[in-house]
Amino acid sequence: MEETPTIQYWLFQAHSRSFRLKEALRAGVLGTFAIKAHKDKIRKGDKAIIWQAGKDAGCYALATITSEVQPLAATPQELPFFSAPPAFGPRVRLQVDYNLWNRPLTRDLLPDSPVFETFNAGLPGTNYVATEAQYRELEQLITQLDLVHEPDADYWPSGGKGHPLNLILYGPPGTGKTYQTVNHALSILEGRPLDEIVLEGRQELRRRYSEHLRTGRLAFVTFHQSFSYEDFVEGIKPYTLNDQVLYHVEDGIFKIMCRDAQRCVLEAIYSHQLDEQPMLEFNKLYGAFLDYLKSEQFDYFEGENHKRIFLHRIHRYGDLSLRPATSYPVQAVQKKHLQLMYQQFSASEQIDNASKDLRPIIGDQDPSLYWAVFHALKSFELKYRMHGETEPEEQEEGQKEERPAPAPEAPDLPIELPLVPDHILSKCNKYVLIIDEINRGNIPAIFGELITLLEEDKRDGRHEAVTAVLPYSKELFSVPPNLYIIGTMNTADRSAESLDIALRRRFAFTALEPQPELIAQLSDGPMAAGVDLKALLRAINERIELLLGRDYRIGHAYFLNVRTLDGLKETFQRHILPLLEEYFFNDYGKIGLVLGSAFLQEKHRGRNTDIFADFDHPFAGEFAERRAYELRPMEDLTEVDFIRIYDKAYQ
């Protein structure tokens, strides 16, 4: 009779930097695990302690190994949780028996038992030997603490894909717009869904938010009436040197963020090219190509059917002006389109039908001119490589001094990014710029010509990429595809003009409504000295909506820290009453319609026709009889006065 194989116990470890174990378990998709050690000993039927190393280290699951070690790929369901796709190699299949994604067993929860003295968790590596005693201790602790949590069936990592590149959070004051920008920014930067971010403590979220600010991947700016293009993009600023006032072009926050984000995309492209097939860096090649065009070695471009095309001019940023031999008008060939062709085609012979193949890249421009220049560029590239990146043609000894200067080293950033595939873009760090009170600035003046560049398909590296020339530095500028913009807009701010329609159609909008029910969830309770804060806020907002509209309601955030009657009075004194005075232009009669008679007192009572100066006005008596109100001192108000805002019959 065959003996039942002895069950062995293992510690399987994943680092949070390479695999989001918690999220995979939450989604219920953990089905395989990489095997780097003990490949010849791990067997089907063995038990595994699934441990996450690094951030939030702990035991997140107990599992049964359901296959022998064999060459496997991670499942398609697991792939979104890897920071980089894992290599095909030795893995085992797993069945998760205890899923602890929501309440993992951290080291401080491990029992103070001798069996854990040799526990290998946290050491560098993936697979370690564990003991049955360790496994059973963990299993018993899970049962005692009732830690098992079923995975959420509808959960799936967004990886930041669900976020629009341009978003505005809008709503009345006090609805948490600026507060929510922290959650949205972290969701984008960390590639995690919003519903998971909100489960974490606010202190931890703020800590990570501050860390991203320090690293430069996150920036915050507030628009106001005097904020300008020079502050946001670039401007001429004075500085002193040797007691002299000089001027230089200073970059604004938007340009700085764009350059940093673009550099990250560029690094990902270079890394990808090194991993796959080396490609000559386009800028360096194109710089040498332009030097060749300026030299005596170049006469003309040769188009299809051997037609001559003459070079009319080389523009400052690499664009060309050409003139066919049989035509007088000069036509342009843009460098950025040549760059896209270089990324898409390895040879001019691949372009069988110039009009058909090039239309998606060059639009309505003449494809025959682009084909001719691209053909010359690829021919030049072959000679450029063969000669070790020196001059492609041999010259006489006496002519060497007349060679054009060698092409300069490629700059840190190209003028435009090449066409960036989505799988490369997904590996780039994301950057977030938060613009608070975006509608308070003069939007057309602040963004200027860059408004068009914000659109997703107009971003750098996209098919319809658009580049603008900055007015002060004269640099070519574009917005990278990994920069996210989050704005906030207070709908009750009448001092700001309506949001510019050109910007409005380039942003997605998310409304944040007053939520009285959150007062109970986010504060100690919905009551303050017997006053039902939820009912109070609902009543106030219903009346404001009837008198002014939805945009002027009051948010729940003002009431989250109210604990006592004195605290409620302070909130009214500092926030609610000033808002109402602003909303109603000091029309205290309408404030009375919102809050009730207890909050107001009449300034003048009875008829007093002598109040005005000596002047015979036909309506003097009517004016004198008008009622004028003022706010009652807050210290005179009682608990009953606040309750009667939402319960008029309360005694």
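Residues numbered from 1 in each chain as written. Predicted model: local features only at pLDDT ≥ 70, side-chain atom pairs only at ≥ 80, totals over all residues. Heavy atoms only, no water.

Caption draft 1: Spotlight on the overall build of the protein chain. Scanning the protein chain for helices and strands turns up 20 helices and 24 strands. For the protein chain, with 651 residues in total, the buried portion stands at 46%. By sequence separation, contacts in the protein chain at least 24 residues apart represent 69% of the contacts at least 6 residues apart. Just so you have it, the protein chain exposes about 34100 Å², and 49% of that area is on carbon and sulfur atoms. (Helix = DSSP H or I, 4+ residues; strand = E, 2+ residues; numbered from the N terminus. Buried < 20%, exposed > 50% of the residue type's maximum accessible area, 1.4 Å probe, protein only. Contact = heavy atoms within 4.5 Å. Areas by Shrake-Rupley, 256 points an atom, 1.4 Å probe, with all protein chains shown as cover.)

Caption draft 2: Inspection of the sheet that holds strand 16 (residues 431-436) at higher detail. Taken in spatial order, the 5 strands make up an open sheet running 9-16-19-8-20, and their pairing is parallel. Looking at strand neighbours, the two that pair on one side only are strand 9 (218-222) and strand 20 (508-511), the edges of this open sheet. Going from strand to strand, the sheet's axes swing by 20 degrees on average, the running direction of each strand aside. Sheet analysis places strand 9 next to strand 16, joined by 5 bridges and oriented parallel. The residue of strand 16 that forms the bridge with Phe 220 is Ile 434. (Pairing = 2+ DSSP bridges. Axes fitted to C-alpha atoms, helices over the stretch in contact; angles between N-to-C directions.)

Caption draft 3: Just the pairing of strand 11 (residues 244-251), in detail. As paired elements, strand 10 (residues 234-241) and strand 11 share 8 bridges and run antiparallel to each other. What sits directly across from Glu 234, in strand 11, is Asp 251. The loop that links strand 10 with its antiparallel partner strand 11 comprises 2 residues; one of these, Asn 242, has a positive phi angle of about 55 degrees.

Caption draft 4: Expanded view of unusual backbone geometry. At Asp 243, a residue that is not glycine, the phi angle is positive and equals roughly 65 degrees. Locating Asp 243 in the fold gives a position in the loop between strand 10 and strand 11. The phi dihedral of Lys 474 is positive, around 60 degrees, even though this residue is not glycine. By the element assignment, Lys 474 lies in the loop between strand 17 (468-469) and strand 18 (476-477).

Caption draft 5: Spotlight on the side chain of Asp 460. Residue position: Asp 460 is located in the loop between helix 13 (443-447) and strand 17. Within polar-contact distance, the side chain of Asp 460 engages the side chain of Ser 478 at 2.8 Å. (Polar contact = N/O pair within 3.5 Å; in protein donor to acceptor, adjacent residues only side chain to side chain.)

Caption draft 6: Broad picture of helix 18 (residues 588-595). By the burial criterion, the buried members of helix 18 are Tyr 588, Ile 591, Gly 592, Val 594 and Leu 595. Buried positions in helix 18, seen along its axis, are confined to an arc of 160 degrees and lie on one side of it. Residues of helix 18 that are buried sit in contact with helix 16 (533-547), helix 17 (565-583), strand 23 (600-602), strand 24 (629-631) and helix 20 (639-646). Gly 596 lies just past helix 18 and shows a positive phi near 110 degrees. (Arc of directions from axis to C-beta.)

Caption draft 7: Spotlight on the packing of aromatic side chains. On inspection of all chains with the given rule, the structure shows 26 aromatic pairs. Note on Tyr 9 and Tyr 135: the rings are 5.3 Å apart at their centroids and 50 degrees apart in plane angle, and the pair reads as tilted. Of the two residues, Tyr 9 sits in strand 1 (residues 9-15) while Tyr 135 sits in helix 2 (residues 132-145), which places them 126 residues apart along the sequence. Note on Tyr 135: relative accessible area 1%, which makes it buried. Judged by centre distance (5.3 Å) and plane angle (80 degrees), the rings of Tyr 552 and Tyr 583 are edge-to-face. (Phe/Tyr/Trp six-rings, centres within 6.5 Å; stacked < 30°, edge-to-face > 60°.)

Caption draft 8: View of the pattern of salt bridges. Enumeration according to the criterion identifies 29 salt bridges in this entry. For the salt bridge of Lys 255 with Glu 475, the shortest nitrogen-to-oxygen distance reads 3.3 Å. Here Lys 255, found in helix 7 (residues 253-275), pairs with Glu 475, found in the loop between strand 17 and strand 18; they are 220 residues apart in sequence, far enough to count as distant. For the salt bridge of Arg 553 with Glu 513, the shortest nitrogen-to-oxygen distance reads 2.3 Å. Pair noted here: Arg 553 is in the loop between helix 16 and helix 17 and Glu 513 is in the loop between strand 20 and helix 15 (518-522), with a separation of 40 residues, a long-range link. Relative accessible area serves as the criterion here: at 9%, Arg 553 is assigned to the buried category. Each of the salt bridges in this network shares a partner with another, and the network as a whole consists of Arg 20, Glu 23, Arg 26, Glu 190, Arg 192, Asp 195, Glu 196, Glu 200, Glu 204, Arg 207 and Arg 208. (Salt bridge = Lys/Arg side-chain N within 4 Å of Asp/Glu carboxyl O.)

Caption draft 9: Quick look at the sheet that holds strand 14 (residues 320-324). One open sheet accounts for 4 strands, arranged 12-13-14-15; its pairing is antiparallel. Both edges of this open sheet fall to strand 12 (301-302) and strand 15 (331-333), since each of them pairs with a single strand only. In the sheet, strand 13 (residues 308-314) pairs with strand 14 via 5 bridges, with the strands oriented antiparallel. Residue pairing across strands places Arg 313 opposite Ser 321, the latter belonging to strand 14.

Caption draft 10: Looking closely at the confidence of the model for the protein chain. Model confidence for the protein chain is summarised by a mean pLDDT of 82, while 86% of its residues fall at 70 or above. With pLDDT under 50 throughout, residues 150-160 is counted as low confidence; its partners more than four residues away or in other chains account for 32 contacts. Scored below 50 in pLDDT, residues 389-415 shows 45 contacts in the model against residues more than four places distant or in partner chains. (pLDDT = per-residue confidence, 0-100.)

Caption draft 11: Local environment of the pairing of strand 1. Burial analysis of strand 1 places 6 of its 7 residues in the buried class, the great majority of the element. Sheet topology note: the strand 1/strand 3 (residues 47-53) ladder contains 7 bridges and is parallel. Bridged to His 15 within strand 3 is Ala 53. Here 3 bridges tie strand 1 to strand 7 (residues 127-129), and the two strands are oriented antiparallel to one another. Looking across to strand 7, one finds that Phe 12 is bridged to Asn 127.

Caption draft 12: Looking closely at the environment of Arg 26. Tracing the backbone through its elements, the reader meets Arg 26 in helix 1 (residues 21-27). For Arg 26, a relative accessible area of 6% translates into the label buried. Once the C-alpha coordinates of Arg 26 and Asn 102 are considered, the two residues, 76 residues apart in sequence, prove to be 7.7 Å apart.

Caption draft 13: Representation of the nonpolar core. Ranked by size, the top nonpolar core spans 40 residues in total, and within it Phe 223, Phe 232, Phe 254, Ile 435, Ile 438, Phe 447 and Leu 483 carry the most contacts. Breaking this core down by element, the ones donating at least two residues are strand 9, helix 6 (229-232), helix 7, helix 12 (422-425), strand 16, helix 13 and strand 19 (483-490). The element contributing the most residues to this core is helix 7, with 8 residues. Setting aside its immediate chain neighbours within four residues, Phe 232 contacts Phe 223, Phe 227, Gly 252, Ile 253, Phe 254, Lys 255, Leu 433, Ile 435, Ile 446 and Phe 447. Within the second largest apolar cluster, 34 residues are counted, among which are Ile 544, Leu 568, Phe 572 and Tyr 588. (Core = buried A, V, L, I, M, F, W, Y, C linked by side-chain atoms within 4.5 Å.)

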